[in-house]
Amino acid sequence: AQKITQTQPGMFVQEKEAVTLDCTYDTSDQSYGLFWYKQPSSGEMIFLIYQGSYDEQNATEGRYSLNFQKARKSANLVISASQLGDSAMYFCAMREGNKGYQGGKLIFGQGTELSVKP
Amino acid sequence: NAGVTQTPKFRILKIGQSMTLQCAQDMNHNYMYWYRQDPGMGLKLIYYSVGAGITDKGEVPNGYNVSRSTTEDFPLRLELAAPSQTSVYFCASSSPGRSETQYFGPGTRLLVL
């Protein structure tokens, strides 16, 4: 069964430093997608970055990059130059591959709470 | 472009009452989803829809119903509310494509007492 594991319930990082949030996944699909979402204290879910299972390059979006290691089934989020506004809960999620039905359901990890210290 | 909108933002229900959570999107997305988020947890899929008139169950559908009569709207119905349905409910939408990235509404906080 598909599963997402985030083993770090909470993380601290100093402002302007880089931080890595861990995510491992389990799937038997060859085609799948991996996502990271940010949930600030206000509660909304904000899409950050996407990595497809067939993408050869690691995804990058501004200060966010995804360290994709397919053989290890890991998809860690790297945030460079942390800012105070990065303090939030971060969720890793996986979209199952299409199996003829269309519509990519997401499976979420339990999240990592990141606190950025000034 | 409002994106995904949800109403109400917050609601208190008594056990046994019913209500409908509204969700609408103006991005012309084919796919829509309902998730719930319990305290300290990730989101779990309740129901999803791949187009008007087509819906299917997710991981935790018991106690809920959905309908999709238009592309834009995807209401979630709670029948006979129970304390276990106290949660934050998120609606999301996406379109077919490479990533099918889901964009979320602001959420509805529901308390069942």
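Summarised in this report is the structure supplied together with it.

1. Some words on the overall build of chain B
The helix and strand tally for chain B stands at 0 helices and 11 strands. Reading the secondary structure of chain B in the N-to-C direction produces β-β-β-β-β-β-β-β-β-β-β. In terms of C-alpha radius of gyration, chain B reaches 13 Å, essentially the compact-globule figure of 13 Å for 113 residues. Across its three principal axes, chain B shows a C-alpha extent of roughly 40 × 30 × 25 Å. Counting the 113 residues in chain B, one finds 47% classified as buried.

2. Concerning the interface of chain A and chain B
On the side of chain B, 19 residues touch chain A, which itself brings 22 residues to the contact. Summed over both sides, the interface of chain A with chain B buries roughly 1800 Å², with 54% coming from carbon and sulfur. Contact with chain B buries area across many residues of chain A, yet A:M45, A:K105 and A:F108 alone supply 25% of it, more than any other trio. For the pair chain A and chain B, the number of links is 0 salt bridges. Put simply, chain A and chain B have 4 residue pairs in polar contact (both at pLDDT 80 or more) between them. At the level of secondary structure, the elements contributing two or more residues to the side of chain A that touches chain B comprise β5 (33-39), β6 (46-52), β10 (88-95) and β11 (106-108) of chain A.

3. Notes on the sheet that holds strand β1 (residues 4-7) of chain B
All names here are of chain B. Taken together, 4 strands build an open sheet; the order of strands is β1-β3-β8-β7 and the sheet is antiparallel. Because the sheet does not close on itself, it has two edges, and the strands there are β1 and β7 (64-66). In this sheet, neighbouring strand axes are inclined to one another by 20 degrees on average, regardless of whether the strands run parallel or antiparallel. The pairing of strand β3 (residues 19-25) with strand β8 (residues 76-78) spans 3 bridges and is antiparallel.

4. Focus on the side chain of A:Q2
Topologically, A:Q2 is positioned in the segment before β1 (3-5). A distance of 3.4 Å separates the side chain of A:Q2 from the side chain of A:T27, its partner in a polar contact.

5. Quick look at the side chain of B:S99
Along the polypeptide, B:S99 turns up in the loop between β9 (87-94) and β10 (103-104). Within polar-contact distance, the side chain of B:S99 engages the side chain of B:T101 at 2.7 Å. Once residues lying within four places of it in the same chain are set aside, the contact partners of B:S99 are A:F35, A:Y50 and A:R95.

6. Some words on the packing of aromatic side chains
One pass over the full model with this rule turns up 15 aromatic pairs over all chains. Seen in terms of ring centroids, A:F108 and B:Y35 are 5.7 Å apart; in terms of plane orientation they differ by 85 degrees. Their pairing is edge-to-face. Of this pair, A:F108 sits in strand β11 while B:Y35 sits in strand β4 (residues 31-37), on two different chains. Residues A:F108 and B:Y35 agree in their burial class; the two are buried. Taking 5.7 Å as the distance between ring centres and 45 degrees as the angle between the ring planes, the aromatic pair formed by B:Y35 and B:F104 counts as tilted. Taken as a pair, B:Y35 in strand β4 and B:F104 in strand β10 lie far apart in primary sequence, 69 residues in all. Taken together, the ring pairs connect A:F35, A:Y37, A:F47, A:Y50, A:F91, A:F108, B:Y33, B:Y35, B:F90, B:Y103 and B:F104 into an aromatic cluster.

7. Comments concerning the pattern of salt bridges
Under the counting rule described, the total for this entry stands at 4 salt bridges over all chains. The partner of A:R63 in a salt bridge is A:D86, and the shortest N-O contact between them spans 2.8 Å. With a gap of 23 residues between them, A:R63 in the loop between β7 (60-61) and β8 (64-69) and A:D86 in the loop between β9 (74-79) and β10 connect regions that are remote in the sequence. A salt bridge links B:E79 to B:R77, with the shortest nitrogen-to-oxygen separation between them at 3.2 Å.

8. Let's talk about the environment of A:C23
Counting through the fold element by element, A:C23 comes out in the loop between β3 (19-21) and β4 (24-26). Taking the C-alpha atoms as reference points, A:C23 and A:F91, separated by 68 residues in sequence, lie 8.8 Å from one another.

The rules we used
- Residues numbered from 1 in each chain as written.
- Chains lettered and ligands numbered in written order.
- Predicted model: local features only at pLDDT ≥ 70, side-chain atom pairs only at ≥ 80, totals over all residues.
- Heavy atoms only, no water.
- Helix = DSSP H or I, 4+ residues; strand = E, 2+ residues; numbered from the N terminus.
- Rg over C-alpha atoms; globule rule 2.2 N^0.38 Å.
- Buried < 20%, exposed > 50% of the residue type's maximum accessible area, 1.4 Å probe, protein only.
- Contact = heavy atoms within 4.5 Å.
- Buried area = accessible area lost by both parts, 1.4 Å probe.
- Salt bridge = Lys/Arg side-chain N within 4 Å of Asp/Glu carboxyl O.
- Polar contact = N/O pair within 3.5 Å; in protein donor to acceptor, adjacent residues only side chain to side chain.
- Pairing = 2+ DSSP bridges.
- Axes fitted to C-alpha atoms, helices over the stretch in contact; angles between N-to-C directions.
- Phe/Tyr/Trp six-rings, centres within 6.5 Å; stacked < 30°, edge-to-face > 60°.

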